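Examining the three-dimensional arrangement
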Amino acid sequence: MIIPRIPFLLVLFVFLAFLVNWFVWSSKQQAKTLHKGNVDLQKISPPEEDEFENLTTRQFTLLFNGYLLTRQEFLFQMIATYSRSALVQGTVIIWSNLEPPTVNFTLATKKPVTIVDKPTSSLNNRFDYPVPELRTRALLVIDDDIEISLSEMEFAFKVWQEFPDRIVGMFPRYHRWSEKTRSWKYTNDRRIYSMILTKFMFLDVKYLKLYTHGIDQRVRDYVNRENNCEDIAMNFVVAEATRKGPILIDGMPKDWGDKRSTKSEFTKDAIGSKKGHKDHRSECLDYFATVWGYMPLVGSIWKVSADVGEFVLCKTESGWVECGVLTKSNQLDDDKDRIVF
């Protein structure tokens, strides 16, 4: 009775071995398909990571993408103001206009200011690697029409120091799947976000190397052709590399290019003010997801705030009011007239 069982067990063993080998092969093929067109993480794997080791993480570099001659004076003032922070090591301006600047930006500060002339106006320029004269791991990618306080800027950098592998910033957006159209939609949802815009974005310089040398060339070609969505592409790069979402900072930056919040002359030149901008961005999401082979963006629901104070009501002649909005006419006579929540 034992002899007939040997062939059966042998066949079973061979079948199981075949099944295991098939599963391993299938998994590898699936991984290849999944990552077709994705970022090449080998571009920042050891030993190539060593090239970033001499860059400090105690300070950051301001990285501007300059193009419009009409914004030169404002950019000059931004450099002068932000460079007052001890956390700013220097400034790099990616100048993407064939007509050279007429303002000497190096006079804005005693700190290093490097101007990189580009032969085209491509939005890919702002993420080109290497970055000349760079001394820091952290880059503050910031538009030339964003105004923010030094304290908020410095707080955002300190958050980045805690999460150096993430994108940290203040202008969130979200990707949403539409069953109706069977496509991705670019939205601004107050409850969740998965992208941070380049209006104000802290990130590690290694992601510029990935963007320049590690992604499918079709992505960069698309950005060139459409003159849009380089920020969405960068969020794809970081999300895939980390499998994590970005980090939103609580702040009150002023966007002089946003017609919803200002009547500045800058609004007429802003890409976001053009008709169909939101639909265009949705098309970017769809195209990038197709190139990547999947949707790498990860949603986040939390916001980091520098204000950890308590909410306090103060008793005045006119009633209970929030202490932060007291006026001369309703100042407290006694510190005991307070309610702390």
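Details of the structure are given in the entry above.
Cut-offs and rules
Residues numbered from 1 in each chain as written. Predicted model: local features only at pLDDT ≥ 70, side-chain atom pairs only at ≥ 80, totals over all residues. Heavy atoms only, no water. Helix = DSSP H or I, 4+ residues; strand = E, 2+ residues; numbered from the N terminus. Buried < 20%, exposed > 50% of the residue type's maximum accessible area, 1.4 Å probe, protein only. Contact = heavy atoms within 4.5 Å. Areas by Shrake-Rupley, 256 points an atom, 1.4 Å probe, with all protein chains shown as cover. Axes fitted to C-alpha atoms, helices over the stretch in contact; angles between N-to-C directions. Left-handed = near helix turned anticlockwise from the far one by under 90°. Nonpolar A, V, L, I, M, F, W, Y, C, P; charged D, E, K, R; others polar. Disulfide = S-S within 2.5 Å. Parallel < 35°, antiparallel > 145°, perpendicular 65-115°, else oblique. Salt bridge = Lys/Arg side-chain N within 4 Å of Asp/Glu carboxyl O. Pairing = 2+ DSSP bridges. Right-handed = clockwise from strand over helix to strand, strands pointing away. Phe/Tyr/Trp six-rings, centres within 6.5 Å; stacked < 30°, edge-to-face > 60°.

1. Side note on the overall build of the protein chain
- A count of helical and extended segments in the protein chain gives seven helices and 16 strands.
- In the protein chain, buried positions account for 49% of the 341 residues.
- Across the protein chain, contacts joining residues at least 24 apart in sequence account for 77% of those joining residues at least 6 apart.
- Of the roughly 19,100 Å² of accessible surface on the protein chain, 55% is carried by carbon and sulfur atoms.

2. Structural notes on the packing of helix α6 (residues 230-242) against helix α7 (residues 277-292)
- Running from amino to carboxyl end, α6 crosses α7 at an angle of 40 degrees, the nearest separation of the two axes being 10 Å. Here α6 and α7 pass one another in a crossing that is right-handed. Facing α6, whose interface residues are Asp231, Ile232, Ala233, Phe236, Val237 and Glu240, α7 presents Arg281, Cys284, Leu285, Phe288, Ala289 and Trp292.
- A class-by-class count of the residues in the contact of α6 with α7 yields nine nonpolar, no polar and three charged.

3. A look at the environment of Thr120
- Following the sequence through the fold, Thr120 ends up in the loop between β3 (113-117) and β4 (136-142).
- Given the relative accessible area of 40%, Thr120 is considered partly exposed.
- Considering only alpha carbons, one finds Thr120 and Asn97, 23 residues apart in sequence, at a separation of 6.9 Å.
- Not counting chain neighbours up to four residues away, the residues in contact with Thr120 comprise Ser96 and Asn125.

4. Examining unusual backbone geometry
- Cis geometry is adopted by the peptide bond preceding Pro130, which originates at Tyr129 and carries an omega value of 5 degrees.
- Along the chain, Pro130 turns up in the loop between β3 and β4.
- Phi is positive for Asn227, close to 55 degrees, though the residue is something other than glycine.
- Within the secondary structure layout, Asn227 lies in the loop between α5 (217-226) and α6.

5. Examining the state of the cysteines
- Under the definition given, this model contains one disulfide.
- Linked covalently through their sulfurs, Cys229 and Cys284 form a disulfide whose S-S length is 1.9 Å. On the sign convention where negative means left-handed, the S-S torsion of about 75 degrees between Cys229 and Cys284 marks this disulfide as right-handed. Placement of the pair is Cys229 in the loop between α5 and α6 and Cys284 in helix α7, with a sequence separation of 55 residues.

6. Regarding the packing of α5 against α7
- It is the contact of α5 with α7, at a shortest axis distance of 10 Å, that shows an interaxial angle of 160 degrees. It follows from the interaxial angle that α5 and α7 lie roughly antiparallel. Here the hand of the crossing between α5 and α7 comes out right-handed. Side by side, α5 and α7 meet where Arg218, Val219, Tyr222, Val223 and Glu226 of the first sit next to His280, Glu283, Cys284, Tyr287, Phe288, Val291 and Trp292 of the second.
- Looking at the contact of α5 with α7 residue by residue, the class counts come to eight nonpolar, one polar and three charged.

7. Section: the pattern of salt bridges
- The tally for this structure, following the rule as stated, stands at 17 salt bridges.
- The salt bridge involving Asp145 is made with Arg71; its shortest N-O contact spans 3.2 Å. Here Arg71 lies in the loop between β1 (56-66) and α2 (72-82) and Asp145 lies in the loop between β4 and β5 (146-147), a separation of 74 residues in the sequence.
- Overlapping salt bridges bring together Arg71, Asp144 and Asp145 as one network.

8. Some points on the pairing of β1
- Inspection of the sheet shows β1 paired to β4 by six bridges, in the parallel sense. Residue pairing across strands places Phe64 opposite Ile142, the latter belonging to β4.
- Both β1 and strand β2 (residues 88-95) contribute to a ladder of seven bridges, which runs parallel. Bridge pairing in β2 links Thr61 to Gly90.
- Handedness of the β1-α2-β2 crossover: right-handed.

9. Here's the deal with the packing of aromatic side chains
- Evaluation of the coordinates by the stated rule reveals 17 aromatic pairs.
- Look at Phe200 and Phe202: their rings are 5.8 Å apart centre to centre, the planes differ by 85 degrees, and that puts the pair in the edge-to-face class. Here the two residues Phe200 and Phe202 agree in accessibility, since each one is buried.
- Joined through ring pairs, the aromatic side chains of Phe60, Phe157, Trp160, Phe200 and Phe202 make up one cluster.

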